[in-house]
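Inside the fold
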Amino acid sequence: TQGVQYYGNDASNSYESLQISLDKRFASGYSINANYTFAHARQYDGSGYFIYDPSLVYGPSDFQRNHVVVVTQLWQLPFGKGKRFLGNASRAADLLVGGWQLNSVTTWETGVPYTPSYADCGGDVDTGPCRPNLVGNAIPANPTQNEWFIPAGAELSANGMTLGPWQRPDRGTFGNVKDNSFWGPHFWQSDISLFKDFKITEKWTGQFRAETFNGLNHVNLGQPNATVDGSGAGTITALAAGAA
């Protein structure tokens, strides 16, 4: 016999979003811009199981964040020549207190998705793309770094074995966990900067700048260990990518 190879553009992905932007400038030198995005992105993960059951490998895109809020603020501090306070300051005093500007960019985002798996999934060549069966509630009331989801508690060492909310699929069956159906921690960070402009001559202007990333020192957790059984299941041991 001779095999037949088929290539086709049979999968698809989609992206839909609602985007809202608000911008306000005040006479006092303060301005604020706020942006909100509600997004809904779906894709097939490209694994070979698409040809058997596309629904097994269809879910949120890897980069998907359902809600994203970005708030930018700029405040020209009201001190120094021509300002509300110390408007008649001398040149020396104005060099000290005038021309200051405080800025911040605050980002808040819901988490990105991940797909649970089980430790010995490579030994089950007939159970689909390494997905366990979810047979109970795996989300604790208050997820923490040490238990982002409820683990099995020990290795699922045999087909059909159930521990906690997880079951290792029986032979010849696919696990019921969908692609990217669990969500990681949210992300929240404020970057803060302080600027000061000062004139050196009529043609030359200098600037002092101090910047801090994650100025409020908020800890942003990375994704959990998505293996539901075995050591470290459900724990988070790293910071989120890009976190300061």
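Residues numbered from 1 in each chain as written. Predicted model: local features only at pLDDT ≥ 70, side-chain atom pairs only at ≥ 80, totals over all residues. Heavy atoms only, no water.

1. Quick notes on the nonpolar core
Inside soluble globular proteins, nonpolar side chains tend to come together where they are buried. Of all hydrophobic cores here, the largest spans 15 residues; its most connected members are Tyr 114, Tyr 118, Phe 149, Leu 156, Trp 166, Phe 182 and Val 228. Here Tyr 114 is in contact with Trp 148, Phe 149, Asn 180, Ser 181, Phe 182, Trp 183, Gly 184, Gln 223, Pro 224 and Ala 226, once residues within four sequence places are set aside. (Core = buried A, V, L, I, M, F, W, Y, C linked by side-chain atoms within 4.5 Å. Buried < 20%, exposed > 50% of the residue type's maximum accessible area, 1.4 Å probe, protein only. Contact = heavy atoms within 4.5 Å.)

2. Here's the deal with the packing of aromatic side chains
Applying the stated criterion across every chain yields a total of seven aromatic pairs. Where Phe 26 meets Tyr 30, the ring centres are 5.7 Å apart and the plane angle is 35°; that geometry is what we call tilted. For Tyr 30, a relative accessible area of 23% corresponds to the partly exposed category. On the basis of an interplanar angle of 50° and a centroid distance of 6.0 Å, the ring pair of Tyr 114 and Phe 182 is categorised as tilted. Residue Tyr 114 is located in strand E6 (residues 113-114), and its partner Phe 182 is located in strand E10 (residues 182-183); the two are separated by 68 residues in the primary sequence. Taken together, the ring pairs in this structure connect Tyr 114, Phe 149, Trp 166 and Phe 182 into an aromatic cluster. The ring centre of Phe 26 lies 5.4 Å from the NZ or CZ of Lys 24, which sits over that ring. (Phe/Tyr/Trp six-rings, centres within 6.5 Å; stacked < 30°, edge-to-face > 60°. Helix = DSSP H or I, 4+ residues; strand = E, 2+ residues; numbered from the N terminus. Lys NZ or Arg CZ within 6 Å of the ring centre and 35° of its normal.)

3. Focus on the sheet that holds strand E9 (residues 166-167)
Read across the open sheet, the three strands follow the order E7-E9-E8; overall the sheet is antiparallel. Pairing within the sheet leaves two strands with one partner each, and these edge strands are strand E7 (133-134) and strand E8 (162-163). Pairing geometry for E7 and E9, over two bridges, is antiparallel. Residue Leu 134 lies in a different strand from E9, and its bridge partner there is Trp 166. (Pairing = 2+ DSSP bridges.)

4. Quick look at unusual backbone geometry
Even without being glycine, Asn 214 reaches a positive phi, approximately 55°. Tracing the backbone through its elements, the reader meets Asn 214 in the segment after strand E12 (205-212). Even without glycine at this site, Asn 217 takes up a positive phi of about 55°. Among the structural elements, Asn 217 can be located in the segment after E12.

5. Remarks on a nonpolar patch on the surface
A surface patch of nonpolar side chains, about 370 Å² in accessible area, is lined by Leu 18, Ile 20, Leu 22 and Phe 38. When residues in the nonpolar patch are grouped by element, the largest group, three residues, is from strand E1 (residues 14-25). Take Phe 38: it is sitting in strand E2 (residues 30-44). Classification of Phe 38 by relative accessible area gives partly exposed; the value is 36%. (Patch = residues over 30% accessible without salt bridge, like charges linked within 9 Å, V, L, I, M, F, W, Y side chains within 5 Å. Areas by Shrake-Rupley, 256 points an atom, 1.4 Å probe, with all protein chains shown as cover. Salt bridge = Lys/Arg side-chain N within 4 Å of Asp/Glu carboxyl O.)

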